[in-house]
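# Report on the structure
Spelled out, the chains give:
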Amino acid sequence: MQNMEQRFKSMSIFDFQRKFPDADSCLSHLAALKWSEGYSCPKCGHGSSCQGSSPHSRQCSRCRYVESPTAGTLFHKLKFDPLKAFWIVYFLATNKKGSSSSELARKLELGQKTCWRFKRKVMKAMKSSGNYLITGTAEVDETVFGQQEEGVCGRENAKKKLVVVGIEKKGKSVSRLYARVIPHIPHADAACLGGFMKDHIDPTAKVTTDQWTGYGPVAKDFANIVHIPSGKKGDNFPELHRAIMMLKGWLRGMHHHVEDLQDYLDEYCYRFNRNFMKERIFDNLMLRMIKAPPCPIKNISG
Ligand SMILES: [Zn+2]
């Protein structure tokens, strides 16, 4: 049996270098992941293939279509060394706070823009699967992100975003965290809030929220929901507000565009919720990169 140290150890730089010494080993890994459940031709659906002309590609034995291991994944049309792309995934998965694109550019001898673009694709793979609900004790609160705009105040401020944050509490610590931007659509707050809570919280969980009217309509879906006066928020939800403070602190260092806020929230929550599976986080993220559809750069704002 593994001891504690091994269990909580992340994949070291040496482990990574042994596993991925060159571009060929990366392509071979992508091919193994991509066709782990067998081959099916994306053009004609035929189930058998032979080795294609380019490295680690498959060629359909009926229609002759050649498919590369990167096609149809978030590695689609990768324009630089796959080994460097693997390093980006590695740093984003294993660095506690992620990595900025300029830091990645410096470490990997790539352009900052190249790193930024690829990092934004990796972030798409970090979106919550919705498979792991908050159970037991949950707390939900809304908070405002972003700078104060001159002469505009409150939730109507366009540079500010209203974000709903939910946590799972185990004793005094936070074991799970989700966050979603509530869009500026009049009277849609309650529906968005309800959607967030249904997507991320088990209906039997003991949920505590403040008394904002937005929570009214979702109460019927949660048998054990309690609304408490917001008052001085830090007093009522100390763990939740500490988690929000840490999230905001991380975001301040990221220089993101306001339009991208949801992707950054997803990135933060992805790593936070996998803190207990450090060793497998790289494999998990790589699998998500393969399963996710391509994300053309024109679909990424900023
Ligand atoms: Zn075919």
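Calculation rules
Residues numbered from 1 in each chain as written. Predicted model: local features only at pLDDT ≥ 70, side-chain atom pairs only at ≥ 80, totals over all residues. Heavy atoms only, no water. Helix = DSSP H or I, 4+ residues; strand = E, 2+ residues; numbered from the N terminus. Buried < 20%, exposed > 50% of the residue type's maximum accessible area, 1.4 Å probe, protein only. Contact = heavy atoms within 4.5 Å. Polar contact = N/O pair within 3.5 Å; in protein donor to acceptor, adjacent residues only side chain to side chain. Axes fitted to C-alpha atoms, helices over the stretch in contact; angles between N-to-C directions. Parallel < 35°, antiparallel > 145°, perpendicular 65-115°, else oblique. Nonpolar A, V, L, I, M, F, W, Y, C, P; charged D, E, K, R; others polar. Pairing = 2+ DSSP bridges. Core = buried A, V, L, I, M, F, W, Y, C linked by side-chain atoms within 4.5 Å. Patch = residues over 30% accessible without salt bridge, like charges linked within 9 Å, V, L, I, M, F, W, Y side chains within 5 Å. Areas by Shrake-Rupley, 256 points an atom, 1.4 Å probe, with all protein chains shown as cover. Salt bridge = Lys/Arg side-chain N within 4 Å of Asp/Glu carboxyl O. Lys, Arg positive; Asp, Glu negative; His and termini not counted. Charge placed at Lys NZ, Arg CZ, Asp CG, Glu CD. Phe/Tyr/Trp six-rings, centres within 6.5 Å; stacked < 30°, edge-to-face > 60°. Donors = N, O, S within 2.8 Å, 3.2 Å for Na, K, Ca; no water. 1 Å grid on protein atoms, 1.4 Å probe; cavity = no way out; pocket = protein on both sides within 12 Å on 5 of 7 lines; lining within 4 Å. Points joined across faces, edges and corners; volume = space filled by probe spheres on them.

Turning next to the environment of N284. Of note, N284 is situated in helix α11 (residues 281-291). On the accessibility criterion, N284 (24% relative accessible area) is partly exposed. For the pair N284 and R274, spaced 10 residues apart in the sequence, the C-alpha separation amounts to 9.6 Å. For N284, the residues in contact, after removing those within four places along its chain, are Y270, R274 and M277. Within the structure, the side chain of N284 is placed 2.6 Å from the side chain of Y270, a separation counted as a polar contact.

Considering the arrangement of structural elements, one finds E239 in helix α9 (residues 238-252). Discounting chain neighbours no more than four positions away, the residues touching E239 are I167, K169, K172 and V174.

Direction vectors running N to C along helix α3 (residues 23-34) and helix α4 (residues 82-94) enclose 65°, while the axes themselves pass 7 Å from each other. Between α3 and α4, the crossing angle belongs to the class labelled roughly perpendicular. Across from A23, C26, L27, H29 and L30 in α3, the residues of α4 making contact are P82, L83 and F86. Split into classes, the residues belonging to the contact of α3 with α4 amount to seven nonpolar, one polar and no charged.

All right, on to the sheet that holds strand β6 (residues 173-182) then. Ordered in space as β6-β5-β4-β7-β8, the five strands form an open sheet in which the pairing is mixed. A strand with exactly one partner marks an edge of an open sheet, and here the two such strands are β6 and β8 (224-227). Going across the sheet, the axis of each strand differs from the next one's by a mean of 20°, ignoring polarity. Two strands pair when backbone bridges link them, and strand β7 (residues 206-209) and β8 are joined in this way by four bridges, in the parallel orientation. Counted as the bridge partner of T208 is V226 from β8. Across the sheet, α9 touches β4 (137-145), β5 (161-170) and β6, and the angle it forms with β4 is around 40°. Most of the contacts of helix α10 (residues 261-273) go to β6, to which it runs at about 165°, and overall it touches β4, β5 and β6.

Membership of the largest hydrophobic core comes to 62 residues, with the highest contact counts inside it found for F75, F86, I88, F118, L265 and F282. When sequence neighbours within four positions are dropped, the list of residues in contact with L265 reads F145, V163, A179, R180, V181, L247 and L251. Counting residues in hydrophobic clusters, the runner-up holds 18 residues, among them L162, F196, A205 and F222.

As a further point, take a positive patch on the surface. Together, K77, K79, K113 and R117 line one region of the surface with positive charge. Mapped onto the fold, K113 is located in helix α6 (residues 112-124).

In total, this model carries 19 aromatic pairs according to the counting rule given. Arranged with centres 5.8 Å apart and planes meeting at 55°, the rings of F20 and F282 form a pair that is tilted. Of this pair, F20 sits in the loop between α2 (13-19) and α3 while F282 sits in helix α11, placing them 262 residues apart in sequence. Assessed through its relative accessible area of 2%, F20 is described here as buried. Look at F282 and you get buried, because its relative accessible area is 1%.

Note on the zinc ion: its protein donors are C41 (SG), C44 (SG), C60 (SG) and C63 (SG). The metal-donor distances range over 2.3 to 2.4 Å. Mapped onto the sequence, the residues coordinating the zinc ion show the spacing C-x2-C-x15-C-x2-C.

A few words on the layout of surface pockets. Its volume calculated, the largest pocket comes out at about 510 Å³. Along its surface, the largest pocket is lined by 19 residues, and K96, K97, R271, F272 and N275 are the ones closest to its centre. Put simply, the parts of the chain that give the lining of the largest pocket at least two residues each are α4, β6, α9 and α10. Here the element with the most residues in the lining of the largest pocket is α10; it accounts for four residues. Of the residues belonging to the lining of the largest pocket, the class tally is eight nonpolar, six polar and five charged.

The next point concerns the pattern of salt bridges. Any two side chains of opposite charge can pair, given that their charged atoms come close. Across all of its chains, the model carries 16 salt bridges by this definition. As a salt-bridge pair, E103 and K107 come within 3.3 Å of each other at their nearest N and O atoms. Here K107 and E103 lie together in helix α5 (residues 101-108), a separation of four residues that amounts to about one turn. With a relative accessible area of 23%, E103 lands in the partly exposed category. Relative accessible area serves as the criterion here: at 43%, K107 is assigned to the partly exposed category. Of the charged contacts in the structure, one is a salt bridge between R180 and D199, with a shortest N-O distance of 2.6 Å.

In space, the three strands of this open sheet follow the order β1-β2-β3, with antiparallel pairing throughout. Lying at the two open borders of the sheet, with one neighbouring strand each, are β1 (49-51) and β3 (66-67). Where β1 lies against strand β2 (residues 58-60), three bridges are found, and the strand directions are antiparallel. Following the sheet pairing, S49 is matched in β2 by C60.

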